[in-house]
Amino acid sequence: VICSFRDSSNESGATDTVGISMSISEMEDPEMKGKKKRGRPGKQTMSVARGRGKANGVAQHNGDGGDPVTLFEVVKLGKSAMQSVVDEWIESYKQDRDLALLDLINFFIQCSGCKGTVRIEMFRNMQNAEIIRKMTEEFDEDSGDYPLTMPGPMWKKFRYNFCEFISVLIRQCQYSIIYDEYMMDTVISLLTGLSDSQVRAFRHTSTLAAMKLMTALVNVALNLSIHQDNTQRQYEAERNKIAGKRANEKLELLLQKRKELQENQDEIENMMNSIFKGIFVHRYRDAIAEIRAICIEEIGVWMKMYSDAFLNDSYLKYVGWTLHDRQGEVRLKCLKALQNLYTNRELFPKLELFTNRFKDRIVSMTLDKEYDVAVEAIRLVTLILQGSEDALSNEDCENVYHLVYSAHRPVAVAAGEFLHRKLFSRHDPQAEEALAKRRGRSSPNGNLIRMLVLFFLESELHEHAAYLVDSLWESSQELLKDWECMTELLLEEPVQGEEMLSDRQESALIELMVCTIRQAAEAHPPVGRGTGKRVLTAKERKTQIDDKNKLTEHFIMALPMLLSKYQADSEKVANLLQIPQYFDLDVYSAGRMEKHLDALLKQIRLVVEKHIEADVLEACSKTYSILCSEEYTIMNRVDIARSQLIDEMTDRFAHSVEELLQEAEEADDDDIYNVLSTLKRLTAFHNAHDLTRWDLFGNCYRLLKAGIEQGSMPEQIAVQALQCSHYSILWQLVKITEGVPSKDDLVALRRVVKSFLAVCQQCLSNVNTPVKEQAFMLLCDLLMIFSHQLISGGREGLQPLVFNPDSTLQNELLNFVLDHVFIDQDDESQKGDEEDEANKIEALHKRRNLLAAFCKLIIYDIVDMPAAADIFKHYMKYYNDYGDIIKETLSKTRQTDKILCAKTLILSLQQLFNELLQDQGPNLDRTSSHVSGIKELARRFALTFGLDQIKTREAVATLHKDGIEFAFKYQNPRGPEFPPINLAFLEVLSEFSSKLIRQDKKTVHSYLEKFMSESMSERREDVWLPLISYRNSLLTGGDEDHMSVTSGLPILLGCSVEGSWMMRNDTLQTPGALQTPQLTSTVLRENRPAEHMPDPDSEPGSENDYVHKWVHAHVVRRRGLMEDDAEPIFEDVMMSSRGQLEDMNEEFEDTMVIDLPPSRNRRERAELRPDFFDSAAMIEDESVSYDLPTKYQKEN
């Protein structure tokens, strides 16, 4: 009774795991002892268990029709506890093994998404291969989805339930049923056959089932190993007793138990070998990435769970080889599997050979193109470092170090953790704290901070201190927030045993310190990292407030001392003056620290008086602006100090201006310096502060007028005077817009703006380039600000302030752009060969700003659109430098007015053609590179019209009209028998013919014939070829007009062709949409040649024709591991040349993106490639004699 009870309880789940030892009665259980011969028993009586009925092996529903009756339905719904489901199946198995196994087989078939059912006759009379072939025939081919790939929470839960079912099944059967040489043999045989199927759903589902089955068996084998060890110890202890106390019966029982455990262990090993060699060895290289990932994930579990058996090179090599997999998902599983192993330091000796073999690959994966993979690779390298300092070379470490500057934050943070472990972790904190106290230091982090400074300097990325701090923030926060230690290093003299910081080290430490302050105060990554400011949690918010209070209390006292020490160093001062913007300014008044505020204001004033560098003065101005915030009580105190400083500077400026103007050409360098230094300070302050009550505009205007009249004003003074005047005007505008302006205020401001615009216009002809550039930028800015948009939003009262540039000013601005933007880099660098690459880049950046400023005026209709023709014509020549700006301008102007934009495009081509005529004369060489360049530019312009011919219909027709009129504008002076001078332009115009719809081609052709004489149409000489080619481009497709449009009339025309464009109506009928070609797979399915099939609604050379040809020419039909009738997959296509790719980008931009729909039978069609891994992966595994399936041999 006890034996039966214990066996039943074990099968029904009374115990989840095997105990440390088993009772004698359990070892005498006949079901464990007796091994049944392989084979299927005769048919037994059918049973009904817990409402699940079967007739002839087919699941039946209950009478109410609502309860799930198959294993698949039960597992899918997940309403029953998995253990009770397994117990029910075990009871069924004990009554009729065939029917129970049939239920399990159908479970795996249905989990694969197959609608077929294995019947009892098939199960008893057919081989597995025949059953699988039959199920494959019954598979639903209409859908590529199956339970493991279906979206939604229900199917995600199903996957979990599916894995849990297999795990619980083995756990509940681990004492007897799995050793009956029937259930496990049948299941493993089925899964092996399914895993070799060409149907992805079968392979995927069976591989997942087999891997989870293997994991459960590994757990059983581990428990058996523990029992064997326990039994062996009990046997040794009993045998070592003296003869009188030794129990021979117990020894025999222990020997019998050990023997049976060994037999069970051998049986489990046979099962595991069958799964590993029959399934894993082939599926870890499957064509489907998800299947490969399952294999690698589970082998990692085996190695961690049962390291004594699996953690050796025979199994590790599969993970190592798969590190070279092409799919990031698989590489990620490899790294995570290895992380679980390297986390346990006791396993390091077993991993030593693997580490030596694959370390280089792991380190190289820190630069993986998939960021998730790179992050996990860095974490793995960090674990290797923790386990063994000697495992990584200096070169390996350096490969990871520089990733702290990565723009991708997770990568940088992982690299920061590595850097912290390697360089910034204290090995003996207590000893270091004691040493710091002996030296009189309050913090033991001094050496670590010095090391951080050295690392920052050696990395030579001095502009990225914020990135370095952000990378280390999570791992080294205690070090980075040790501001007391940092200020000690900067302010105090080095003690014995310490080296003094060099000037570069001090600058670097100050920069790093400011970055740590910003990170603590703002609590978000620097610009360029992350997707923006996220909402802080309550804990993070509290930490931020605490940090801000801590840094404020410390630097309120320390900052004046730091400024005092470094006030002569502009770089250090500029950085230090950023600190007050992160203060909690209430601390000044709440903590009665006004004396420290006075000390700070005193130091800032001294800095202003000592420096004229722009960055230092801007930092001082910004600090005053922050301290003057009205929300703080200290505002009055700071405002008084600021006003005193401005008063002194304005008095000094007025006095020095008077002296300079009086002495005029006799002014010496001191006079010039006095004006320039004071003007620089005032300009910097005027940027952030309203200084209109000091009326700086008057003196600046006097300086500018004097410079224009006398022509001897130093360029720096002129530049600063222009900028200061600009700020003055903007502050006046702010005052007017914020209040209710009087008429006098508007008149006064208009007078000021008008006079300043006139001065800037005169400065465009200045001999000094910086003055001209400054004047140009300010002109563009002011024309934008004071344009017609000023009165939008209910500000009609500001109408007197609107300025519209006259044609003279527009021409001057355009000429400035042509003279100073569209120049060759070589021309500019002729000034001196010593100009380095950085200066060239800076000069290009400045020219791009000039061009962008002018293009904005065109886009916002401040400068007439035809002026853009001179910009557009440089599109090809200066594509690398300004292509993006010109293209965006073209796009925006087309949105404003399609027809005027088209006229501007054709005007730019006409200008180029006229320039070519002037250079080469009337007899153009049509094969020359210059003509080809104009045609290429026209082709690019044509591509920008996009695919929607209806939207651009009128614009394209207008373009052809202007082009035809230009071509016949001037007759040949030699007589009518000679071609018109501009006739060759028709060859350029023909590039736009493909953008005309059929009806408009007829109309354009009719318009062309108005300019042609009868003799022209009969001429065939070479000089008439442009006319012939243009006519042919219009006649192509023009005679067969099957296009369905609503109007049925040619656009731009009345009832007759005569006077069509000149008599154009403003109201146009809206034509219907073009019929989109059907991009289906029918042509390919029927194995027709991949050539263009004529479309009744498209003519040769049309856009529809182009799309058809492109798609059919580039569709690659690839058969995967599915049936022959699978729908084709449209693969990504690499164009044959870079130029073609750019053309496609031009064609589709601003119009539409063709996104080919995925096949309904969405299976991954990637062919199985042998080169998933490095060469080592191809080495034959001596321990595996299992041959590759036939389909692999064919595909490989």
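If you're wondering where the values come from, they're calculated on a predicted model, not measured in any experiment.

**So, the overall build of the protein chain**
Counting secondary structure elements, the protein chain contains 53 helices and 2 strands. Within the protein chain, the proportion of its 1196 residues that are buried is 51%. A sequence separation of at least 24 residues applies to 75% of the contacts in the protein chain between residues at least 6 apart. Total accessible area on the protein chain stands at roughly 57300 Å², and carbon and sulfur atoms take up 49% of it.

**Structural notes on a negative patch on the surface**
A cluster of acidic residues, Glu663, Glu665, Glu666, Asp668, Asp669 and Asp670, forms a negative patch at the surface. Secondary-structure assignment places Glu663 in helix H32 (residues 635-663).

**Focus on helix H6 (residues 97-111)**
Spanning 15 residues, H6 covers 21 Å between terminal C-alpha atoms, matching the ideal 21 Å at 1.5 Å per step. Taken across its 15 residues, H6 has 15 buried, putting it largely inside the fold. The opening residue of H6 is Asp96, an N-cap whose side-chain oxygen sits 3.1 Å from the backbone nitrogen of Asp98. Remark: Gly113 follows H6 within two positions and exhibits a positive phi of approximately 90°.

**Quick word on the environment of Ser570**
As for its placement among the helices and strands, Ser570 is situated in helix H28 (residues 570-576). For Ser570, a relative accessible area of 22% gives the class partly exposed. Sequence separation between Ser570 and Val607 is 37 residues, and the spatial gap between their C-alpha atoms is 8.7 Å. Not counting chain neighbours up to four residues away, the residues in contact with Ser570 comprise His611, Glu613 and Val616.

**Examining unusual backbone geometry**
Phi angles above zero are rare outside glycine, and Asp695 is one such case at about 45°. Even without glycine at this site, Asp861 takes up a positive phi of about 60°. Along the chain, Asp861 turns up in the loop between helix H40 (837-859) and helix H41 (869-872). Taking relative accessible area as the criterion, Asp861 reaches 52% and is therefore assigned exposed.

**Quick word on the UniProt feature "coiled-coil region" (unreviewed entry) in the protein chain**
In the numbering used here, UniProt assigns the "coiled-coil region" (unreviewed entry) feature to residues 244-274. Helix makes up 87% of residues 244-274 and strand 0%, whereas the separation of the span's terminal C-alpha atoms amounts to 48 Å.

**A few points about the packing of aromatic side chains**
Evaluation of the coordinates by the stated rule reveals 42 aromatic pairs. With a centroid separation of 5.4 Å and an interplanar angle of 80°, the aromatic rings of Tyr875 and Tyr879 are classed as edge-to-face. Take Tyr875: its relative accessible area is 3%, and that puts it in the buried class. Considering the side-chain rings of Phe913 and Phe985, the 5.5 Å spacing of their centres and the 75° angle between planes classify their relative orientation as edge-to-face. Within this pair, whereas Phe913 is found in helix H43 (residues 898-920), its partner Phe985 is found in helix H46 (residues 985-989), the two being separated by 72 residues in sequence. Over the ring of Tyr235 we find Arg258, and its NZ or CZ is 5.0 Å from the ring centre. A cation sits over an aromatic face here: Arg894 above Phe945, 4.5 Å from the ring centre.

**Regarding the packing of helix H11 (residues 200-239) against helix H12 (residues 248-283)**
At a minimum axis distance of 8 Å, the contact between H11 and H12 shows a crossing angle of 155°. Judged by the angle between their axes, H11 and H12 are roughly antiparallel. Crossing of H11 against H12: the hand is left-handed. Class assignment of the residues belonging to the contact of H11 with H12 gives a composition of 21 nonpolar, 10 polar and 7 charged.

**Examining the packing of helix H45 (residues 953-967) against helix H47 (residues 998-1011)**
At a minimum axis separation of 10 Å, H45 and H47 run at an interaxial angle of 15°. One element, H45, and the other, H47, form an angle in the roughly parallel class. Read as a crossing pair, H45 and H47 show a hand that is right-handed. Of H47, the residues touching H45 (which contributes Arg953, His960, Lys961, Ile964 and Glu965) are Gln999, Asp1000, Val1004, Tyr1007, Leu1008 and Phe1011. Class assignment for the residues of the contact of H45 with H47 results in 5 nonpolar, 2 polar and 4 charged.

**Some words on the nonpolar core**
Counting 321 residues, the largest nonpolar core has Phe165 and Phe854 as the members making the most contacts within it. Ranked by residue count, the leading element in this core is H11, at 14 residues. Sequence-distant contacts of Phe854, that is, excluding residues within four places in its chain, are made with Phe776, Cys780, Leu813, Leu814, Val817, Val863, Ala867 and Ile871.

**Section: the side chain of Thr186**
As for its placement among the helices and strands, Thr186 is situated in helix H10 (residues 183-195). The class for Thr186 is buried, based on a relative accessible area of 11%. Separated by 2.7 Å, the side chain of Thr186 and the backbone oxygen of Tyr182 make a polar contact.

**Quick look at the pattern of salt bridges**
Under the criterion given, the structure shown has 42 salt bridges. Here Asp546 makes a salt bridge to Lys542, at a shortest N to O gap of 3.1 Å. Of this pair, Asp546 and Lys542 both sit in helix H27 (residues 538-566), 4 residues apart, which is roughly one turn of the helix. A relative accessible area of 38% places Asp546 in the partly exposed class. The network of salt bridges with shared partners includes Arg409, Asp470, Glu474 and Arg529.

**Regarding helix H23 (residues 465-472)**
Counting buried residues in H23 gives 7 out of 8 residues, a clear majority hidden from the surface. Within H23, the full set of buried residues consists of Ala465, Tyr467, Leu468, Val469, Asp470, Ser471 and Leu472. Residues of H23 that are buried make contact with helix H20 (409-424), helix H22 (446-459), helix H24 (477-480) and helix H26 (503-522).

**Regarding the environment of Cys780**
Considering the arrangement of structural elements, one finds Cys780 in helix H37 (residues 769-785). Here Cys780 falls in the buried class, since its relative accessible area comes to 2%. For Cys780 and Leu813, which are 33 residues apart along the polypeptide, the C-alpha to C-alpha distance reads 8.6 Å.

**Here's the deal with the confidence of the model for the protein chain**
Summarising the model, the protein chain shows a mean pLDDT of 79, and 78% of its residues fall at 70 or more. The low-confidence segment residues 828-832 (pLDDT under 50) makes 6 contacts with residues lying over four places distant or belonging to another chain. Segment residues 1038-1196: pLDDT under 50, and 258 contacts once partners within four positions in sequence are set aside and those in other chains are kept.

**Digging into the state of the cysteines**
Counted under the stated rule, the structure contains 0 disulfides. As a non-bridged cysteine, Cys724 has Cys700 as the owner of its nearest cysteine sulfur, 3.8 Å distant.

Calculation criteria
- Residues numbered from 1 in each chain as written.
- Predicted model: local features only at pLDDT ≥ 70, side-chain atom pairs only at ≥ 80, totals over all residues.
- Heavy atoms only, no water.
- Helix = DSSP H or I, 4+ residues; strand = E, 2+ residues; numbered from the N terminus.
- Buried < 20%, exposed > 50% of the residue type's maximum accessible area, 1.4 Å probe, protein only.
- Contact = heavy atoms within 4.5 Å.
- Areas by Shrake-Rupley, 256 points an atom, 1.4 Å probe, with all protein chains shown as cover.
- Patch = residues over 30% accessible without salt bridge, like charges linked within 9 Å, V, L, I, M, F, W, Y side chains within 5 Å.
- Salt bridge = Lys/Arg side-chain N within 4 Å of Asp/Glu carboxyl O.
- Lys, Arg positive; Asp, Glu negative; His and termini not counted.
- Charge placed at Lys NZ, Arg CZ, Asp CG, Glu CD.
- Expected span 1.5 Å × (residues − 1).
- Polar contact = N/O pair within 3.5 Å; in protein donor to acceptor, adjacent residues only side chain to side chain.
- UniProt positions renumbered as here; feature names shortened; annotations may be inferred.
- Phe/Tyr/Trp six-rings, centres within 6.5 Å; stacked < 30°, edge-to-face > 60°.
- Lys NZ or Arg CZ within 6 Å of the ring centre and 35° of its normal.
- Axes fitted to C-alpha atoms, helices over the stretch in contact; angles between N-to-C directions.
- Parallel < 35°, antiparallel > 145°, perpendicular 65-115°, else oblique.
- Left-handed = near helix turned anticlockwise from the far one by under 90°.
- Nonpolar A, V, L, I, M, F, W, Y, C, P; charged D, E, K, R; others polar.
- Core = buried A, V, L, I, M, F, W, Y, C linked by side-chain atoms within 4.5 Å.
- pLDDT = per-residue confidence, 0-100.
- Disulfide = S-S within 2.5 Å.

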